[in-house]
Amino acid sequence: MTLLEFTGCALTAFGPALSMFIVTIMNDPVRVIILIASSFFWLLSLLFSSIVWFVFPSKQQVWFGVIVSVLVQELFRYFLYLLLRKAERGLKRFVGHSLVSNNKHMLSYVSGLGFGVMSGLFALINILAEVGGPGTMGLRGGYSAFCIVSSIFTAFIILLHIFWEILFFHGLNTDNKNFILYVVISHLVVSEITLLNQYYFNTLALCIVFVITLSSGYYAFKTAGGHLPIIDRLKNQNTTTEAEN
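Just so you know, these numbers come straight off a predicted model, no measurement behind them.

Topic: the pattern of salt bridges
- Here the structure, examined in full by the defined rule, presents three salt bridges.
- Put simply, Asp28 and Arg31 hold a salt bridge, and the shortest N to O gap is 3.5 Å.
- Taking relative accessible area as the criterion, Asp28 reaches 10% and is therefore assigned buried.
- When its relative accessible area of 6% is taken as the criterion, Arg31 is described as buried.
- The partner of Glu74 in a salt bridge is Arg77, with the nearest N and O atoms 2.9 Å apart. Within this pair, Glu74 and its partner Arg77 are both found in helix H3 (residues 62–94), separated by three residues, close to a single helical turn. Both residues of the pair, Glu74 and Arg77, belong to the buried class.
- Residues participating in the shared-partner salt-bridge network are Glu74, Arg77 and Glu165.

The following block contains the structure:
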(Lines give C-alpha, C1' and ligand atoms only; values in the text may rest on other atoms or scores of the structure.)
Protein backbone atom coordinates (compact mmCIF):
# COMPACT_ATOMS: atom_id res chain seq x y z
CA MET A 1 0.00 0.00 0.00
CA THR A 2 2.82 2.41 0.82
CA LEU A 3 4.42 1.74 -2.58
CA LEU A 4 1.16 2.52 -4.35
CA GLU A 5 0.70 5.73 -2.38
CA PHE A 6 4.30 6.74 -3.05
CA THR A 7 3.90 6.13 -6.79
CA GLY A 8 0.58 7.96 -6.96
CA CYS A 9 1.84 11.02 -5.09
CA ALA A 10 5.07 11.15 -7.09
CA LEU A 11 3.27 10.94 -10.44
CA THR A 12 0.67 13.47 -9.33
CA ALA A 13 3.38 15.97 -8.46
CA PHE A 14 5.91 15.33 -11.22
CA GLY A 15 3.86 13.64 -13.95
CA PRO A 16 3.10 16.86 -15.90
CA ALA A 17 6.71 18.03 -15.64
CA LEU A 18 8.00 14.62 -16.73
CA SER A 19 5.71 14.68 -19.75
CA MET A 20 6.93 18.15 -20.70
CA PHE A 21 10.53 17.03 -20.38
CA ILE A 22 10.04 13.96 -22.56
CA VAL A 23 8.04 15.73 -25.26
CA THR A 24 9.76 19.13 -25.49
CA ILE A 25 13.24 18.95 -23.93
CA MET A 26 14.76 15.48 -23.85
CA ASN A 27 15.77 15.36 -27.54
CA ASP A 28 17.55 18.72 -27.50
CA PRO A 29 20.89 18.74 -25.59
CA VAL A 30 20.92 22.55 -25.36
CA ARG A 31 17.55 22.56 -23.62
CA VAL A 32 18.79 19.90 -21.20
CA ILE A 33 21.80 22.08 -20.34
CA ILE A 34 19.56 25.10 -19.74
CA LEU A 35 17.26 22.95 -17.58
CA ILE A 36 20.17 21.84 -15.42
CA ALA A 37 21.55 25.39 -15.18
CA SER A 38 18.20 26.79 -14.06
CA SER A 39 17.88 24.02 -11.46
CA PHE A 40 21.31 24.96 -10.16
CA PHE A 41 20.27 28.60 -9.85
CA TRP A 42 17.27 27.57 -7.75
CA LEU A 43 19.66 25.62 -5.50
CA LEU A 44 21.77 28.75 -5.16
CA SER A 45 18.69 30.70 -4.13
CA LEU A 46 17.95 28.03 -1.52
CA LEU A 47 21.51 28.26 -0.21
CA PHE A 48 21.33 32.04 0.04
CA SER A 49 17.93 31.86 1.77
CA SER A 50 19.38 29.36 4.25
CA ILE A 51 22.25 31.72 5.02
CA VAL A 52 19.81 34.57 5.64
CA TRP A 53 17.70 32.26 7.85
CA PHE A 54 20.82 31.28 9.82
CA VAL A 55 21.99 34.86 10.31
CA PHE A 56 18.53 36.27 11.05
CA PRO A 57 16.51 33.40 12.52
CA SER A 58 12.76 34.00 12.37
CA LYS A 59 11.33 30.68 13.42
CA GLN A 60 8.50 32.41 15.26
CA GLN A 61 7.56 34.37 12.12
CA VAL A 62 7.49 31.76 9.40
CA TRP A 63 5.62 34.12 7.11
CA PHE A 64 8.59 36.48 7.15
CA GLY A 65 10.96 33.67 6.24
CA VAL A 66 8.68 32.78 3.33
CA ILE A 67 8.80 36.37 2.07
CA VAL A 68 12.59 36.41 2.22
CA SER A 69 12.78 33.07 0.40
CA VAL A 70 10.45 34.25 -2.38
CA LEU A 71 12.35 37.50 -2.88
CA VAL A 72 15.64 35.62 -3.04
CA GLN A 73 14.20 33.22 -5.62
CA GLU A 74 13.05 36.13 -7.76
CA LEU A 75 16.47 37.75 -7.44
CA PHE A 76 18.15 34.60 -8.72
CA ARG A 77 15.52 34.34 -11.45
CA TYR A 78 16.78 37.75 -12.60
CA PHE A 79 20.40 36.57 -12.40
CA LEU A 80 19.45 33.56 -14.52
CA TYR A 81 17.88 35.88 -17.07
CA LEU A 82 21.10 37.91 -17.30
CA LEU A 83 23.18 34.77 -17.73
CA LEU A 84 20.93 33.33 -20.44
CA ARG A 85 20.83 36.61 -22.33
CA LYS A 86 24.63 36.71 -22.37
CA ALA A 87 24.76 33.07 -23.51
CA GLU A 88 21.98 33.42 -26.09
CA ARG A 89 24.24 34.98 -28.73
CA GLY A 90 26.67 32.10 -28.43
CA LEU A 91 23.84 29.58 -28.61
CA LYS A 92 22.59 31.10 -31.85
CA ARG A 93 26.09 31.09 -33.31
CA PHE A 94 27.18 27.57 -32.44
CA VAL A 95 23.89 25.66 -32.26
CA GLY A 96 21.75 27.31 -34.88
CA HIS A 97 19.92 24.03 -35.45
CA SER A 98 18.58 24.06 -31.89
CA LEU A 99 14.96 25.10 -31.49
CA VAL A 100 16.05 27.20 -28.51
CA SER A 101 17.34 29.88 -30.85
CA ASN A 102 14.18 29.83 -33.00
CA ASN A 103 11.67 30.60 -30.24
CA LYS A 104 12.23 33.62 -28.01
CA HIS A 105 10.08 32.10 -25.25
CA MET A 106 11.81 28.71 -25.25
CA LEU A 107 14.57 29.89 -22.93
CA SER A 108 12.07 31.03 -20.33
CA TYR A 109 9.97 27.88 -20.68
CA VAL A 110 12.91 25.51 -20.20
CA SER A 111 14.47 27.50 -17.37
CA GLY A 112 11.07 27.77 -15.67
CA LEU A 113 10.67 24.01 -15.79
CA GLY A 114 14.09 23.57 -14.21
CA PHE A 115 13.24 26.10 -11.49
CA GLY A 116 9.92 24.41 -10.80
CA VAL A 117 11.16 20.82 -10.75
CA MET A 118 13.95 21.58 -8.31
CA SER A 119 11.54 23.56 -6.12
CA GLY A 120 9.06 20.68 -6.20
CA LEU A 121 11.69 18.10 -5.34
CA PHE A 122 12.75 19.96 -2.21
CA ALA A 123 9.15 20.60 -1.23
CA LEU A 124 8.01 16.98 -1.52
CA ILE A 125 11.06 14.75 -1.11
CA ASN A 126 10.69 14.35 2.67
CA ILE A 127 6.98 13.58 2.36
CA LEU A 128 7.64 10.96 -0.32
CA ALA A 129 10.32 9.43 1.89
CA GLU A 130 7.81 9.05 4.71
CA VAL A 131 5.09 7.74 2.42
CA GLY A 132 7.42 5.06 1.08
CA GLY A 133 7.23 3.22 4.38
CA PRO A 134 7.06 1.66 6.82
CA GLY A 135 3.88 3.58 7.75
CA THR A 136 1.41 6.02 6.24
CA MET A 137 0.60 9.56 7.32
CA GLY A 138 -2.81 10.46 8.66
CA LEU A 139 -3.01 8.33 11.81
CA ARG A 140 -3.78 9.64 15.32
CA GLY A 141 -5.85 12.61 14.21
CA GLY A 142 -3.61 13.65 11.32
CA TYR A 143 -4.95 14.83 7.99
CA SER A 144 -5.37 11.68 5.91
CA ALA A 145 -5.21 13.52 2.56
CA PHE A 146 -2.05 15.42 3.46
CA CYS A 147 0.13 13.52 1.00
CA ILE A 148 -2.08 13.88 -2.05
CA VAL A 149 -2.83 17.54 -1.25
CA SER A 150 0.91 18.24 -0.97
CA SER A 151 1.45 16.48 -4.30
CA ILE A 152 -1.20 18.61 -6.01
CA PHE A 153 0.33 21.75 -4.52
CA THR A 154 3.73 20.68 -5.85
CA ALA A 155 2.32 20.13 -9.35
CA PHE A 156 0.78 23.61 -9.26
CA ILE A 157 4.05 25.16 -8.08
CA ILE A 158 6.00 23.53 -10.92
CA LEU A 159 3.51 24.82 -13.48
CA LEU A 160 3.50 28.25 -11.86
CA HIS A 161 7.28 28.51 -12.10
CA ILE A 162 7.02 27.86 -15.84
CA PHE A 163 4.35 30.52 -16.24
CA TRP A 164 6.19 32.96 -13.97
CA GLU A 165 9.42 32.48 -15.91
CA ILE A 166 7.73 33.26 -19.23
CA LEU A 167 6.07 36.38 -17.83
CA PHE A 168 9.17 37.51 -15.94
CA PHE A 169 11.48 37.17 -18.93
CA HIS A 170 8.95 38.85 -21.21
CA GLY A 171 8.63 41.72 -18.75
CA LEU A 172 12.39 42.20 -18.75
CA ASN A 173 12.63 41.93 -22.54
CA THR A 174 9.89 44.51 -23.10
CA ASP A 175 10.70 46.64 -20.03
CA ASN A 176 7.16 46.01 -18.77
CA LYS A 177 7.24 46.25 -14.97
CA ASN A 178 3.64 45.05 -14.66
CA PHE A 179 4.64 41.51 -15.63
CA ILE A 180 7.50 41.52 -13.14
CA LEU A 181 5.30 42.84 -10.33
CA TYR A 182 2.64 40.24 -11.12
CA VAL A 183 5.20 37.44 -10.88
CA VAL A 184 6.62 38.65 -7.56
CA ILE A 185 3.25 39.37 -5.96
CA SER A 186 1.58 36.14 -7.13
CA HIS A 187 4.62 34.16 -5.96
CA LEU A 188 4.35 35.80 -2.53
CA VAL A 189 0.61 35.15 -2.36
CA VAL A 190 0.91 31.48 -3.33
CA SER A 191 3.75 30.87 -0.89
CA GLU A 192 1.96 32.54 2.01
CA ILE A 193 -1.30 30.73 1.22
CA THR A 194 0.42 27.39 1.72
CA LEU A 195 0.78 28.34 5.40
CA LEU A 196 -2.98 27.88 5.71
CA ASN A 197 -2.44 24.12 5.50
CA GLN A 198 -1.25 24.04 9.09
CA TYR A 199 -4.75 25.20 10.09
CA TYR A 200 -6.38 22.53 7.88
CA PHE A 201 -7.69 25.05 5.36
CA ASN A 202 -6.41 22.77 2.62
CA THR A 203 -9.42 23.06 0.33
CA LEU A 204 -9.48 26.85 0.48
CA ALA A 205 -5.74 27.14 -0.15
CA LEU A 206 -5.91 24.62 -2.99
CA CYS A 207 -8.76 26.49 -4.69
CA ILE A 208 -6.95 29.84 -4.48
CA VAL A 209 -3.71 28.39 -5.86
CA PHE A 210 -5.68 26.67 -8.64
CA VAL A 211 -7.23 29.99 -9.70
CA ILE A 212 -3.83 31.72 -9.65
CA THR A 213 -2.35 28.87 -11.70
CA LEU A 214 -5.11 29.13 -14.31
CA SER A 215 -4.80 32.91 -14.60
CA SER A 216 -1.00 32.79 -14.75
CA GLY A 217 -1.14 30.04 -17.36
CA TYR A 218 -3.54 32.06 -19.48
CA TYR A 219 -1.36 35.19 -19.31
CA ALA A 220 1.77 33.16 -20.14
CA PHE A 221 -0.06 31.46 -23.01
CA LYS A 222 -1.13 34.80 -24.47
CA THR A 223 2.32 36.28 -23.91
CA ALA A 224 3.93 33.43 -25.83
CA GLY A 225 1.63 34.15 -28.77
CA GLY A 226 -0.99 31.49 -28.14
CA HIS A 227 -4.63 31.83 -29.11
CA LEU A 228 -7.74 30.13 -27.76
CA PRO A 229 -10.32 29.77 -30.56
CA ILE A 230 -13.25 29.87 -28.15
CA ILE A 231 -12.19 33.16 -26.57
CA ASP A 232 -11.32 34.68 -29.94
CA ARG A 233 -14.74 33.63 -31.26
CA LEU A 234 -16.49 35.23 -28.28
CA LYS A 235 -14.54 38.45 -28.78
CA ASN A 236 -15.47 38.52 -32.46
CA GLN A 237 -19.12 37.96 -31.58
CA ASN A 238 -19.05 40.79 -29.04
CA THR A 239 -17.37 43.09 -31.56
CA THR A 240 -19.96 42.21 -34.19
CA THR A 241 -22.83 42.80 -31.76
CA GLU A 242 -21.45 46.19 -30.73
CA ALA A 243 -21.00 47.18 -34.37
CA GLU A 244 -24.59 46.24 -35.19
CA ASN A 245 -25.90 48.21 -32.24
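Things to note about unusual backbone geometry
- Notably, Asp175 is not glycine yet its phi reads approximately 55 degrees, a positive angle.
- Within the secondary structure, Asp175 is located in the loop between helix H5 (146–174) and helix H6 (177–193).
- Judged by relative accessible area, which is 63%, Asp175 ranks as exposed.

Details of the UniProt feature "transmembrane region" (unreviewed entry) in the protein
- If you check UniProt for "transmembrane region" (unreviewed entry), the listed places come out as residues 6–25, 32–56, 62–84, 105–129, 141–167 and 203–221 in our numbering.
- Counted over residues 6–25, helix gives 100% and strand 0%. Its end C-alpha atoms are 26 Å apart.
- Between the C-alpha atoms that bound residues 32–56 the distance is 36 Å, and the span itself is 96% helix and 0% strand.

Describing the nonpolar core
- Among the nonpolar cores identified, the biggest contains 51 residues, and Val110, Leu113, Leu160, Val190 and Val209 are the most heavily contacted of them.
- For this core, the secondary structure elements donating two or more residues are helix H1 (2–25), helix H2 (29–55), H3, helix H4 (106–131), H5, H6 and helix H7 (202–223).
- A total of 15 residues in this core trace back to one element, the largest contributor, which is H5.
- Not counting residues within four places of it along the chain, the set of residues in contact with Val209 comprises Phe153, Phe156, Leu160, Val190 and Ile193.

Here's the deal with the packing of aromatic side chains
- Within the structure shown, the criterion is met by eight aromatic pairs.
- Between Trp42 and Phe122, the aromatic rings sit 5.5 Å apart at their centres with planes inclined by 45 degrees, giving tilted as the arrangement. With Trp42 in helix H2 and Phe122 in helix H4, the pair connects residues that are 80 residues apart, well separated along the chain.
- When the centroid spacing of 6.2 Å and the interplanar angle of 55 degrees are considered together, the rings of Phe48 and Phe76 count as tilted.

Observations concerning the environment of Ile158
- When you line up the elements, Ile158 lands in helix H5.
- Those residues within four positions of Ile158 in sequence are excluded, and the remaining contacts are Ala13, Phe14, Ala17, Leu113, Gly116, Val117 and Gly120.

Observations regarding H2
- For H2, which comprises 27 residues, the first-to-last C-alpha distance of 39 Å matches the rise-based estimate of 39 Å (1.5 Å per residue) to within 8%.
- Listed as buried for H2 are Val30, Arg31, Ile34, Leu35, Ser38, Ser39, Phe41, Trp42, Ser45 and Ser49.

Details of H6
- Spanning 17 residues, H6 covers 24 Å between terminal C-alpha atoms, matching the ideal 24 Å at 1.5 Å per step.
- Residues of H6 that are buried: Val183, Val184, Ser186, His187, Val190, Ser191 and Ile193.
- At the N-terminal boundary of H6, the capping side chain belongs to Asn176, with an oxygen 3.0 Å from the backbone nitrogen of Asn178.

What to know about the packing of H5 against H7
- Between H5 and H7, the least distance of the axes is 9 Å, while the angle of their chain directions is 30 degrees. On the basis of the axis angle, H5 is roughly parallel to H7. Our pair here, H5 against H7, has a crossing hand that is left-handed. Between H5, through Val149, Ile152, Phe153, Phe156, Leu159, Leu160, Phe163, Trp164, Ile166, Leu167 and His170, and H7, the contact on the second element is made entirely by Asn202, Ala205, Leu206, Val209, Phe210, Ile212, Thr213, Ser216, Gly217, Tyr219, Ala220 and Thr223.
- Among the residues making up the contact of H5 with H7, the classes are represented as 17 nonpolar, six polar and no charged.

Rules behind the numbers
- Residues numbered from 1 in each chain as written.
- Predicted model: local features only at pLDDT ≥ 70, side-chain atom pairs only at ≥ 80, totals over all residues.
- Heavy atoms only, no water.
- Salt bridge = Lys/Arg side-chain N within 4 Å of Asp/Glu carboxyl O.
- Buried < 20%, exposed > 50% of the residue type's maximum accessible area, 1.4 Å probe, protein only.
- Helix = DSSP H or I, 4+ residues; strand = E, 2+ residues; numbered from the N terminus.
- UniProt positions renumbered as here; feature names shortened; annotations may be inferred.
- Core = buried A, V, L, I, M, F, W, Y, C linked by side-chain atoms within 4.5 Å.
- Contact = heavy atoms within 4.5 Å.
- Phe/Tyr/Trp six-rings, centres within 6.5 Å; stacked < 30°, edge-to-face > 60°.
- Expected span 1.5 Å × (residues − 1).
- Polar contact = N/O pair within 3.5 Å; in protein donor to acceptor, adjacent residues only side chain to side chain.
- Axes fitted to C-alpha atoms, helices over the stretch in contact; angles between N-to-C directions.
- Parallel < 35°, antiparallel > 145°, perpendicular 65-115°, else oblique.
- Left-handed = near helix turned anticlockwise from the far one by under 90°.
- Nonpolar A, V, L, I, M, F, W, Y, C, P; charged D, E, K, R; others polar.

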